[in-house]
Amino acid sequence: MRNIVLVATVLLAISCLVSSGSAEEVGTYTYVEGRVDSRHGETESAMPVTIGEKVYVGDIIRTKSFSKAEVVFNDRSVLRLAPKTSVLIEEYSINEGLKREKASLKLFRGKIRTIVSKISGPTNFFINTPNASGSVKGSDIVTFYQAARTGILVKEGCLSAYNNLFPDQAVTVRKGDVSFISIDSPPQTPRSYLDVEMQLHEKDTSAPEIKKRRQKELLTTMEGWVVKRDGDVNVRQIGEADWREARLNETLGEGSEIRTKENGNLEIRLDNGNVITLRPNTQLLLTKLRRDPKTNEYESFLEAKFGKLKVVVEKLEGNSKFEVKTPTAVCGIRGTIMYLDVLPTITKAFYEGGGGIITNLISNMVKTVEAGQNSSSDANGNTTDPTDTTNDERNNLDETWGSGEGIEGYSSPDGGTGYDPTDYGTGGTGTTAGTGPAGGN
């Protein structure tokens, strides 16, 4: 009997582990005001959330009175919650190319605003309430459920909706229209919404810029900016669905994605002085950039999907961390220089001027790498013992990265040196050596 109980206990523990580990991370909290909490499924306790925390399929997000929240999903779609709102992330599947395959939200009460990234193909974004269901086509839509009635206001795009009791009587609500669905009747014929209606909904679901700035100051979120660029370099900021050309002196923060094409090179300078340089065919995500204003300790977490990058970091003080996650490893640096060569199945890291730590993501094998050494971590769970970097390897690094700390010496697309002292990021495509967001000193 005791053995049966033991086996049952083990099976239950395994089941819990599988259940908790099966939730897919699909987004990030980018704004939190007041009292906002989340719980995963119906059984877990609700826990307060903060900016930077991840959102998972199965999460129920709840805002209290005088509280708001914003979530940016991995496909760049945005969900904003008004006060006194409860919403379930029913489904959110995203493929390896960060394209949405299907998404479904369930609004239990309150009001949400969804700014849905556009994709080609059939509709795959759904919003449900206790009495209605709707399918969204690339849009900016306010949905609310109050007093047993669903309301839909479409600022951009369109939404097809029906009462669950009358699924064959759907209406299409288009840009500039609003419709209501009572508990026991089909949807009302859409009408043009009034300006005052939209203003009230925007007030309920917006995050005023002054509050964003104040919140950022309290949380001391760090930023970076593009100080040098050359060739084809694209960025995708939070809330942007598509890639676009990077601009000189453009501000980059948490959630910013950067990719260089075959002829693209880029240098990013963080506001604590650390520098990140990208070579051609590289893609990078700035996952977390935080600093403690009292101690100046900081956390910089990046994610490189592929390519070559160089990180120049001041010697870390206290509990500061600087880590780059790749498909196979997490590479930490204590200072001063780390070179990474990232492929889908292997990551090779070189350290100069200071050491670091490499952790394999498959096996959790950890290796400490000293200055002047290198190590590789692969998709089979292997991490090589650190070895001294040879002269040939250093020569190869010199050829790849040039003799300077930045990316000077590149030719701009027009064949010049790429440096123009009059270019302050207003459309030039060459490199520039500005030291701050405005290009000044």
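The rules we used
- Residues numbered from 1 in each chain as written.
- Predicted model: local features only at pLDDT ≥ 70, side-chain atom pairs only at ≥ 80, totals over all residues.
- Heavy atoms only, no water.
- Buried < 20%, exposed > 50% of the residue type's maximum accessible area, 1.4 Å probe, protein only.
- Helix = DSSP H or I, 4+ residues; strand = E, 2+ residues; numbered from the N terminus.
- Arc of directions from axis to C-beta.
- Contact = heavy atoms within 4.5 Å.
- 1 Å grid on protein atoms, 1.4 Å probe; cavity = no way out; pocket = protein on both sides within 12 Å on 5 of 7 lines; lining within 4 Å.
- Points joined across faces, edges and corners; volume = space filled by probe spheres on them.
- Nonpolar A, V, L, I, M, F, W, Y, C, P; charged D, E, K, R; others polar.
- Phe/Tyr/Trp six-rings, centres within 6.5 Å; stacked < 30°, edge-to-face > 60°.
- pLDDT = per-residue confidence, 0-100.
- Patch = residues over 30% accessible without salt bridge, like charges linked within 9 Å, V, L, I, M, F, W, Y side chains within 5 Å.
- Areas by Shrake-Rupley, 256 points an atom, 1.4 Å probe, with all protein chains shown as cover.
- Salt bridge = Lys/Arg side-chain N within 4 Å of Asp/Glu carboxyl O.
- Core = buried A, V, L, I, M, F, W, Y, C linked by side-chain atoms within 4.5 Å.
- Pairing = 2+ DSSP bridges.

Asker: I would appreciate a short explanation of helix α2 (residues 195-205) in the present structure.
Answerer: Restricting attention to buried positions, one finds in α2 the residues E197, M198, H201 and T205. On an axial view of α2, the arc spanned by its buried residues comes to 95 degrees, and they lie on one face. Those residues of α2 that are exposed and angled more than 90 degrees off the buried face are D195, Q199 and K203. As for α2, its buried residues are in contact with β7 (78-81), β9 (100-115), β11 (132-146), β12 (149-163), β14 (177-181) and β15 (191-192).

Asker: Just checking my understanding: could you explain empty space enclosed by the protein for this structure?
Answerer: With a probe scaled to a water molecule rolled over the atoms, the places where space remains empty come into view. Here the structure, examined in full by the defined rule, presents three cavities of 30 Å³ or more. Approximately 70 Å³ is the volume attributed to the largest cavity. Looking at the largest cavity, the residues that line it are D75, R76, L98, K99, R100, S117, K118, I119, R236, A241 and D242. Taken together, the elements giving at least two residues each to the lining of the second largest cavity come down to β11 and β12. Its residues assigned to classes, the lining of the second largest cavity shows six nonpolar, five polar and no charged.

Asker: Please explain the packing of aromatic side chains as it appears in this structure.
Answerer: Here the distance between the centres and the angle between the planes together describe a pair of aromatic rings. Within this structure, the stated rule accounts for four aromatic pairs. Ring geometry for F73 against Y92: centres 4.1 Å apart, planes inclined by 15 degrees, an arrangement best described as stacked. On the criterion of sequence distance, the pair formed by F73 in strand β6 (residues 68-73) and Y92 in strand β8 (residues 85-94) is long-range, its members being 19 residues apart. Residue class for Y92 comes out buried when judged on its relative accessible area of 1%. Aromatic pair Y92 and F125: ring centres 6.1 Å apart, planes at 85 degrees, arrangement edge-to-face. Pair noted here: Y92 is in strand β8 and F125 is in strand β10 (residues 125-128), with a separation of 33 residues, a long-range link. Assigned by exposure class, Y92 and F125 land together as buried.

Asker: Mind showing me how you'd approach the confidence of the model for the chain here?
Answerer: Keep in mind that low pLDDT regions are not for reading the predicted coordinates in detail. Counting all residues, the mean pLDDT for the chain is 82, and 82% of those residues have values of 70 or more. In the predicted structure, residues 1-21 sits below a pLDDT of 50 and forms zero contacts with residues beyond four places in sequence or in another chain. When the criterion is pLDDT under 50, residues 403-441 qualifies, and its contacts beyond four places in sequence or with other chains add up to 79 contacts.

Asker: Would you mind showing me how to read a nonpolar patch on the surface here?
Answerer: A cluster of nonpolar side chains, namely L194, V196 and L200, defines an oily patch on the protein surface of about 280 Å² accessible area. With respect to the secondary-structure elements, L200 resides in helix α2.

Asker: Mind showing me how you'd approach the nonpolar core here?
Answerer: As a rule of thumb, nonpolar side chains are buried together in soluble globular proteins. One finds I61, L79 and I89 to be the most contacted residues of the largest nonpolar core, which totals 36 residues. If sequence neighbours within four positions are ignored, I89 has contacts with V26, V55, Y56, V57, G58, D59, I61, F73, L79, S104 and L105. Ranked by size, the runner-up nonpolar core spans 35 residues in total, among them M222, L289, V313 and C331.

Asker: Any chance you could explain the pairing of strand β30 (residues 366-369) here in plain terms?
Answerer: On a regular strand, one side chain projects to one face of the sheet and the next to the other, so that they alternate. Burial of β30 is one-sided: the residues K367 and V369 facing one way are buried, the residues V366 and T368 facing the other way are not. Two elements, strand β29 (residues 356-360) and β30, share four bridges in a ladder whose sense is antiparallel. Bridged to I357 within β30 is T368.

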